[in-house]
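Residue-level structural notes
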Amino acid sequence: MKKSLVALALTVGVAISAHAADIVDTAIKAGNFKTLVAAVQAAGLVETLKGPGPFTVFAPTDEAFAKIPKATLDGLLKDKAALSKILTYHVVAGKVMAKDVKPGMVKTVQGQDITLATAGGVTVNGAKVVAADVAASNGVIHAIDTVIMPK
């Protein structure tokens, strides 16, 4: 009986540790998406990105957000509607790994299209994917070097 309980405990522990984190927790753990996570929280999108998905997130790094003037970024963080529009423009429904990206237009969760290209590496509206295929339980993150803006 004791051996069975130990075996069960080990099996449960392995199953829990093998379970990948969702998009939000994966971004937090990565450490280079602090501004993105703060923006997702400010926009009220945490629960959405913790949802079942799957989602493909073209996630601007902290360096990408640093390219935006501080006053502009501070203003966006206070404007929930504008922030939500920008953030959902970085999200595509489905889980698309880098090897499966096809050049062309793709509709975002926000509703507008983004342009994907693959010549010389994957780009999104000209922003370069600097780290691809960061797996999450409900999708995938591709880190990009620039914040892309909807029209």
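Below: a short report on this structure. (Residues numbered from 1 in each chain as written. Predicted model: local features only at pLDDT ≥ 70, side-chain atom pairs only at ≥ 80, totals over all residues. Heavy atoms only, no water.)

Another point: the pairing of strand β7 (residues 139-144). The buried fraction of β7 is high, at six of six residues. Because side chains alternate across β7, one face comprises the buried residues G139, I141 and A143, and the other comprises V140, H142 and I144, equally buried. The pairing of strand β1 (residues 55-60) with β7 spans six bridges and is classified as parallel. Within β7, the position partnered with A59 by the bridge is A143. As paired strands, strand β6 (residues 127-136) and β7 are joined by five bridges and run antiparallel to one another. Bridging from a neighbouring strand, V129 pairs with I144 of β7. Where β6 hands over to β7, the hairpin turn is made up of two residues, counted between the paired strands. (Buried < 20%, exposed > 50% of the residue type's maximum accessible area, 1.4 Å probe, protein only. Helix = DSSP H or I, 4+ residues; strand = E, 2+ residues; numbered from the N terminus. Pairing = 2+ DSSP bridges.)

Moving on: the side chain of D22. Locating D22 in the fold gives a position in the loop between α1 (2-18) and α2 (23-30). Look at D22 and you get buried, because its relative accessible area is 12%. A polar atom in the side chain of D22 sits 2.9 Å from the backbone nitrogen of D25. Sequence-distant contacts of D22, defined by excluding residues within four places in its chain, comprise L49, K50, A136, S137 and N138. (Polar contact = N/O pair within 3.5 Å; in protein donor to acceptor, adjacent residues only side chain to side chain. Contact = heavy atoms within 4.5 Å.)

Close contact between helix α6 (residues 70-78) and helix α7 (residues 80-88) brings their axes to 5 Å; oriented N to C, the two are set at 105 degrees. Of the possible angle classes, the one that applies to α6 and α7 is roughly perpendicular. Where α6 abuts α7, its residues L76, L77 and K78 lie against K80, A82, L83 and I86. Looking at side-chain class alone, the contact of α6 with α7 contains five nonpolar, no polar and two charged residues. (Axes fitted to C-alpha atoms, helices over the stretch in contact; angles between N-to-C directions. Parallel < 35°, antiparallel > 145°, perpendicular 65-115°, else oblique. Nonpolar A, V, L, I, M, F, W, Y, C, P; charged D, E, K, R; others polar.)

Turning our attention to the nonpolar core. In this structure, I23, F33, L36, L49, V57 and L87 are the most contacted members of the largest nonpolar core, which totals 27 residues. With five residues, helix α3 (residues 34-43) is the single largest residue contributor to this core. Sequence-distant contacts of L49, defined by excluding residues within four places in its chain, comprise D22, I23, V24, V40, F55, V57, V91 and N138. (Core = buried A, V, L, I, M, F, W, Y, C linked by side-chain atoms within 4.5 Å.)

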